[in-house]
Structure formats: C-alpha cells, structure tokens
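Structure assessment
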Amino acid sequence: MFLDLRFRRALGHALIALVALSALTACHEEQASAPDPTPMAEPEPAAEPDPEVPQGIVASHKARVKFKGGERYARDLAAALELPRDQLCSELGLYDCVGEVHRISLGGVEPYELGIDEPLPVAPVSAAIAVDRVALSACTRRVEADLADPGAAVIFAALAAADGPKRADLEAIAADLVDRVLRRDATPAEIASIADFYAEAEADAESPARAFGQLSCFAVATMLEALFY
Amino acid sequence: MTRFFAAMVTLTIALPASARPVAPSAFCAVYPEADACADGVALCETCHTAPPGRNVYGVQLEQALAPGEARPLTDAVFLEALPVALADIEALDADGDGYDNLEELLAGTGPADPRSRPVVGDCPRSVAANGWDVCNYDPAYVFKKIHLDVCGHSPTRSALDAFAAESDRLAALHEALDRCLDSEWWRGEDGVVWNLANRKIAPLKSIKGGDGAGDIPLADYEDDYAYFVYVHTDDRDVREVLTGQYFVARTGGVGSPTVYTPFNPTGLDDVNRRGRSVGQLVFPPFRAGMLTHRWFLMSQIMFTALPRTAAAQAYRAYLGYDLSRLEGLYPVEGEPVDYDSRGVDQPECARCHSTLDPLTYPFSRYEGIQGGTGEFRIPFSFNRRRLESFTETDGPHIADTPQDGRLFGEPVADLVEWARVAADSEAFAKATVLDYWKLMMGESPRPEERAEYDTLWTELMTTHEYRVERMLHALIETEAYGVP
C-alpha cells in the first residue's frame, strides 16, 4: 500500500506534535503547536509522478479527493474509538472543538450570524491545527480511559501490563487501530511501523505506554486516508 | 443586510469591460467542435476564473490578443484579433499538464486545469493491491462515498465486508443510497439539503422571527428551509420550490426523525395562528413558491419600488445566472424604460438592465417591509396598486411600470407565470443538478464530465420527472462519481 510512506510521515508528525504540545492530557489546554503551512484541501497537480507513490501503484488520474470536514471526521473518530461524540474534544473544557470553535476552519458553515453559507473554498492553515487537536484529544481520552480501567479497555488494555506490552500486543494494537479508524486490514508494513514506534517512545517519553498509545492512535487518525475520501 | 446593499451596489455600478458578452460566441465560431461550445457559446470557465478574472489559459490568450493595441479593446478590434490570438496559443500548454491547448480543447478537457487531461494514465494490474480501481467504476469506492456524502459517516467494517460479499453490488449501492437519503444528516435541520438552501435564503438571525427570534423580528426563514428540504426530498417535484402555493412545517429532529408537513393557510389565518412576526401574508393565487415567502419579500424587496435585487437573486439562486457576472443576458428591445428614474438607461447600465428590468417588473406588486408614502399597506403581501404609493419617492412614471415582464426574453404576465416558466426551464434543471453535482463531486463538472452532467439535468426534466432523489440514483452511477 502506498499509504505506508504517508503513514511514516504521520508518525513523524506525531512526534513533532508531542514536542510542540506542552501537555497532552486534553484539547482544552493551551494551544502550542506550530501552524502547518501546508493547505489541506489543495490536491497537487498530477503532471509529474508522485515520488511518494511506490512503484506498482497506479494513482488516480482524476486526483479528486475531498476533505471529510469536521463533523464527518468527528463522527468517524468517535465511532472508531468508541467515545461519545460530545466527549471527543472541547476547548477550555467547554466548547466543542468541531461544532463550535473550529467549525469554519474544518469546512463547516454558519449562515445565520456569520453569513458563511458554504464551506471555505480552500481550507485555511488553521484546519491542520484543528484536526491535530481533535485527534490528539480523542486519542488521549481513549488511552486515559483504557489505562484507568484495563478490564473495560477498548483498545489499549495491553499497555497497562506491569512489565510493559509484548511485541505481539503492540502489533495487535496496530492492527486494531487501522481496522477501527481506516476500516480495513493493516498492511504488514503498517503494523511493523507502529510496533517499532514503541522503542522510540521508550527512549523519549517518561511514560512510554501512554505516549505510544496516544501517538500511535494520533498517527493513524491523522493519516490522509482518515481525513480525505 | 450587508449582502443586500452589496448586491445593490454591484447592480448599480457600471460593469467591467474586460469580460465580453461577445467573446463566448466568437470563441465558438473558431472552435465549434469543442465540448466547451456544446451550447453554442463557450463556458465562462474556458477563459475565466470569475469574470473578469482570467485563468491561465485566459491570461495566455489576453497576452496574444492584439498586442500593442490600447486597452480596453473595442469589440470590433477584439473580434478581429481573437481568431489569430487563439491560433497563436494553440501549441502552448497553459496549465503545464503536458497537453497543448488545442489538444485539450478538442478532447474536451480543460486547458486551464492541470487535473483535466486528455489521456488516462496506466491501469493497475491488481485492483486489490492498488486499493481502488482507478480506471473503472469501482462499487466499493462508491459505497464508501455514499455513506460519507449522504449518511455523514464512513461505512462500518462489517458493512464494508457485507458489501464486498454482495452478488448484486449495484443494487446494494442504491439500497444504501435510499437509506442515507432518509438520514438526519441529509434531510434534518442544518443537514446537507438544508445547507444547500443557505445561499438561496440568505438568512440573518438578527431579523429572524419565530423560535429564536432576533432583535428585530421581521420574518422567519425556518419556513423557507423547511419548504426547500420538503420539495427536494422523497418523491416530490422540485419545481415546486418556485411554483408551490403552500407552506411546510417542520417538527421532530434531535433524537427523532424530522417530519415535514405541508399546510395551506388562506387569508390572515396564519397570522392569527402563528403570530404577526411569522405569518405568511400572500394569498394562494399569488404565491410562487419561495419567491413569495415572507422572508424573501422582506429581505429582497425591503423598501424598494422596483425590486431589482429580488429578481437578480431569484435569477442567480434558482436559475444559476449571475447578472453581475454578465450571465443570462437576454436584452429586450426598448428596455430599460427607467420607470423609477434611476438612470439605468445610460449605455453602461443598459447592457444589463435591458435584461434585469423586465425581469423585475413581475416582482413589483409584492410588498416588502413598506417604503413609499401614504397609508399603511399590509407588508409581505400582494398588492396590485402598490406602485401608486411610490410616485413621490421614485418619480411620476413608477406607477406606469407594467406587471408583466420578460424571462429569457419571453413575455410573462406576472410573477406566478414567471416562476412557472423558470421552473420548467433548462436553466432551472441545470442549476438544480449543479448544486448536487458540486456537493457530491466537490467541484463543478470538469470539461470531460460535461456529457454526464448534461445527461443528468436532461433526465431530471424527463425520465426523473423532476425528482431529485431519482436524479441522485443516476448520479451515483456516473463515471464522474464512481471512478476513483
């Protein structure tokens, strides 16, 4: 799958987010991530072969891809992580990230008071930041809930093991995340990429299990495949 | 309000000379076989982004056009120079996609769009390994898109697996579409269809009446949204958006299915039943769908004698013609008469007002908020003698304004006939389908997709009997929607 390379980029993105955000506990804390200068909804002209597409993969000549938009993305993410939609992400713990605070950035409309009748024709740079915040908040909530009550955990029960997760546990988590978020089987390369990431988390994070859970989830949830269709 | 005044200013100022009414037909005289000339006049998008702004092909053409001549060019110089300039840039590649301009024009692809190219790329040896079948209609891809576009979420893994095991996957796609068309995401408050109406209704909360009323409650746009969703869903004739003589109430939603129920008040009983800030005041014989709803009359006619803004908005919202972009010009001989002494018969203004003013006359018997002088008149209602109240403010000739007018250059006796002619027109079918096309595809039809788009709006008028949902069942079978 050509998504593998994009997935690795997403993992890198996740690490950047880890450094940039002073706290990972919830979306409502102070925003600290740097703006991603790449506009989200601008498909690049396909005149030249995409170096990121592995050989043997034939890209669509149409290059017609749509951003899911905030609400579709939130609904998908809530279903994937088995979180109530209204608990996915709230700024300051009060205002829904998708339906209120970042509504317009994420492709929503507000015709009644703002006069925004249609989604913005090009997603603003803040859209990438907003997506990051939603994904990170949702993943954090799932991880915290699972670690707090491993018996009722949905995805990350193995991370609570006293002696740390086994390789097989990490691979199972990887497969589960891809299945839930992308709704397909993970490729061997994707599973290996995610499982390998645990070693990096062990080297860099105070709580490797927690960081691995948050960021492996974040990486899958912010893949192009999760955001566009 | 801001939108109203902006529209007024746009219509009143002289229009830019750099987008030429003569250009589309002159272009097609050179390239009659081009897809862009299927209607006899080139699409604005051939050379423009939003006229007078030019796309990359238009920029190349402008540079090749009569170099050295002073700008702006006269129409005569423009017409003489155009064939030469078009020939000069035929071998160039404006969008840099590897295909020269002439090749793209003849192939029906866009010379200014690098994503639109004449030759399809290679095809995958294994669709499974590739992910999607990028060379053919891919039912799995469509199944996913239907769920996201119409249901508002991705299909579940179990639904995807069940679909993959289907023996008749095309039938399963239509079943999925039917289910999604009944979802709240599609037909509920603030749903997909509801939001399609935003630009047509142009709501403004501060002057809303009814539930959640604003500071100055003048009318309730919820009537308009409910009506719009009602006629665009289920097995209903979408032309009633302009021709219906009833209203629609919305109930339910938030945990239960939204229910739309038509009702047909007569006289003032709606005011008595629902209140003075909401009641619909046009009597049934004078109703013309959403054009005579209280919100439209309030926000588009307001205080004006000759409500050009109302006509221009109806033309733009329901027929797809934006006069401020020189679209839909059908000049009428002897027009504009300038009944309201605004100076619209000046040559710079007459170019558009010879279409706009006769388009407007049928709206002139409908009351907005008030305006004019004299005794109180019932607002938001039909009043045959309305213009007699405007002679002090708009000059003595205003009362001579006829009620009959012209739409597409053809005579119409009043607004009810205006709406009927509009609803039966190709322009209405094209605009209706275009709304859904843009919704489902994320953009306007690409040049190579024009044939499928044309089939959809043609069949909306015939095979599909103006039922939007039937049209959508055809849309999901198009290559434009189904080939990844």
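Reading the values: the criteria
- Residues numbered from 1 in each chain as written.
- Chains lettered and ligands numbered in written order.
- Predicted model: local features only at pLDDT ≥ 70, side-chain atom pairs only at ≥ 80, totals over all residues.
- Heavy atoms only, no water.
- Helix = DSSP H or I, 4+ residues; strand = E, 2+ residues; numbered from the N terminus.
- Buried < 20%, exposed > 50% of the residue type's maximum accessible area, 1.4 Å probe, protein only.
- Areas by Shrake-Rupley, 256 points an atom, 1.4 Å probe, with all protein chains shown as cover.
- Contact = heavy atoms within 4.5 Å.
- Disulfide = S-S within 2.5 Å.
- Phe/Tyr/Trp six-rings, centres within 6.5 Å; stacked < 30°, edge-to-face > 60°.
- Lys NZ or Arg CZ within 6 Å of the ring centre and 35° of its normal.
- Buried area = accessible area lost by both parts, 1.4 Å probe.
- Salt bridge = Lys/Arg side-chain N within 4 Å of Asp/Glu carboxyl O.
- Polar contact = N/O pair within 3.5 Å; in protein donor to acceptor, adjacent residues only side chain to side chain.
- Axes fitted to C-alpha atoms, helices over the stretch in contact; angles between N-to-C directions.
- Parallel < 35°, antiparallel > 145°, perpendicular 65-115°, else oblique.
- Left-handed = near helix turned anticlockwise from the far one by under 90°.
- Nonpolar A, V, L, I, M, F, W, Y, C, P; charged D, E, K, R; others polar.
- pLDDT = per-residue confidence, 0-100.
- Core = buried A, V, L, I, M, F, W, Y, C linked by side-chain atoms within 4.5 Å.
- Domains from an automatic or database assignment.

Quick word on the overall build of chain A
Counting secondary structure elements, chain A contains 8 helices and 2 strands. Secondary structure elements in chain A, listed N-terminal to C-terminal, are α-α-β-β-α-α-α-α-α-α. The proportion of buried residues among the 229 residues of chain A is 50%. As displayed, chain A offers around 10,300 Å² of accessible surface, 56% of which is attributable to carbon and sulfur atoms.

Things to note about the overall build of chain B
Along the backbone of chain B there are 24 helices and 4 strands. A buried classification covers 54% of the 484 residues belonging to chain B. When contacts within chain B are restricted to residue pairs at least 6 apart in sequence, long-range pairs at least 24 apart make up 58% of them. Summed over its atoms, the accessible surface of chain B is roughly 20,200 Å², and 54% of this surface lies on carbon and sulfur atoms.

Structural notes on the state of the cysteines
Between two cysteines, a covalent bond joining their sulfur atoms is known as a disulfide. If you walk through the whole model with that rule in mind, you get 5 disulfides over all chains. In this model, Cys139 of chain A is linked to Cys217 of chain A through a disulfide, with the two sulfur atoms separated by 2.0 Å. Taking the sign of the S-S torsion, about -75° here, the bridge from Cys139 of chain A to Cys217 of chain A comes out left-handed. Remark: Cys217 of chain A occurs in helix 7 (residues 208-221) and Cys139 of chain A occurs in helix 4 (residues 126-148); sequence separation between them is 78 residues. Neither Cys139 of chain A nor Cys217 of chain A differs from the other in exposure class; each is buried. Two residues share a disulfide in this structure: Cys123 of chain B and Cys135 of chain B, whose sulfurs sit 2.0 Å from each other. Between Cys123 of chain B and Cys135 of chain B, the S-S dihedral sits near -105°, and the bridge is therefore left-handed.

Let's talk about the packing of aromatic side chains
Tallied over the full model, the rule gives 25 aromatic pairs over all chains. When the ring of Tyr321 of chain B is compared with that of Phe408 of chain B, the centres are 6.4 Å apart and the planes differ by 80°; the resulting orientation is edge-to-face. Residue Tyr321 of chain B is found in the loop between helix 17 (308-319) and helix 18 (347-360), and its partner Phe408 of chain B is found in the loop between strand 3 (405-407) and strand 4 (410-412); the two are separated by 87 residues along the sequence. Summarising the aromatic geometry, the rings of Phe363 of chain B and Trp418 of chain B are spaced 5.3 Å apart at their centres and angled 80° between planes, so their arrangement reads as edge-to-face. Here the residue Phe363 of chain B occupies a position in the loop between helix 18 and helix 19 (391-394), and Trp418 of chain B occupies one in helix 20 (residues 415-423), the gap between them amounting to 55 residues. As far as burial versus exposure is concerned, Phe363 of chain B and Trp418 of chain B are alike and both buried. Through a chain of ring-to-ring contacts, the aromatic side chains of Tyr112 of chain A together with Trp194, Tyr221, Tyr225 and Trp295 of chain B assemble into a single cluster. A cation over a ring is seen here: Arg239 of chain B above Tyr466 of chain B, with NZ or CZ 3.8 Å from the ring centre. Sitting over the face of the ring of Phe263 of chain B, Arg273 of chain B holds its NZ or CZ atom 5.0 Å from the ring centroid.

Brief notes about the side chain of Asp270 of chain B
All names here are of chain B. The residue Asp270 is located in helix 15 (residues 269-274) in this model. Owing to a relative accessible area of 0%, Asp270 belongs among the buried residues under this scheme. What Asp270 contacts, discounting residues up to four positions off in sequence, is Phe263, Pro265, Gly275, Val278, Gly279 and Gln280.

Observations regarding the interface of chain A and chain B
Each partner contributes residues to the interface: chain A has 33 residues there, and chain B has 52 residues. Roughly 3,500 Å² is buried in total at the junction of chain A and chain B, and carbon and sulfur atoms are behind 48% of that figure. Seen at the junction of chain A and chain B, the total is 6 salt bridges. Between chain A and chain B we count 27 residue pairs in polar contact (both at pLDDT 80 or more) in total.

Some remarks on the packing of helix 5 (residues 167-181) of chain A against helix 6 (residues 188-204) of chain A
All names here are of chain A. Running from N to C, helix 5 and helix 6 cross one another at 125°; their axes reach a closest spacing of 8 Å. The orientation of helix 5 relative to helix 6 falls into the category oblique. For the pair helix 5 and helix 6, the crossing hand works out as right-handed. Touching Arg167, Leu170, Glu171, Ala174, Ala175 and Val178 of helix 5 are Glu190, Ile191, Ala192, Ile194, Ala195, Asp196 and Tyr198, all from helix 6. For the contact of helix 5 with helix 6, the per-class residue count stands at 9 nonpolar, no polar and 4 charged.

Let's talk about unusual backbone geometry
A negative phi angle characterises most non-glycine residues, just as the trans form characterises most peptide bonds. Residue and element names in this part refer to chain B. A cis geometry characterises the amide bond from Arg71 onward to Pro72, with omega recorded as -5°. Within the secondary structure, Pro72 is located in the loop between helix 3 (56-64) and helix 4 (75-88). The omega torsion across Glu335 and Pro336 is 0°, close enough to zero to call that bond cis. The residue Pro336 is located in the loop between helix 17 and helix 18 in this model. Positioned with a positive phi, Phe408 is a non-glycine residue whose angle comes to about 55°.

Focus on the confidence of the model for chain B
With 95% of its residues at a pLDDT of at least 70, chain B reaches an overall mean of 92. In this model residues 1-17 of chain B is a low-confidence stretch, pLDDT under 50, and it forms 27 contacts with partners more than four residues away in sequence or in other chains.

Details of the nonpolar core
All names here are of chain B. In terms of nonpolar packing, the biggest core is built from 96 residues, with Leu291 and Trp418 touching the most fellow members. Both domain 2 (192-423) and domain 3 (442-482) contribute no fewer than three residues apiece to this core. Look past the residues within four positions of Trp418 in its chain and what remains in contact with it is Leu291, Ala314, Tyr315, Leu319, Leu359, Pro362, Phe363, Leu407 and Val412.

Focus on the pattern of salt bridges
Residue and element names in this part refer to chain A. According to the stated counting rule, one finds 47 salt bridges over all chains in the structure shown. Measuring nitrogen to oxygen at the nearest pair gives 3.1 Å for the salt bridge that ties Glu82 to Arg180. Of the two residues, Glu82 sits in the loop between helix 2 (70-81) and strand 1 (90-91) while Arg180 sits in helix 5, which places them 98 residues apart along the sequence. What makes Arg180 buried here is its relative accessible area of 16%. Across the salt bridge formed by Arg184 and Glu190, the nearest N and O atoms sit 2.7 Å from each other. In terms of burial, Arg184 and Glu190 fall into one category: buried.

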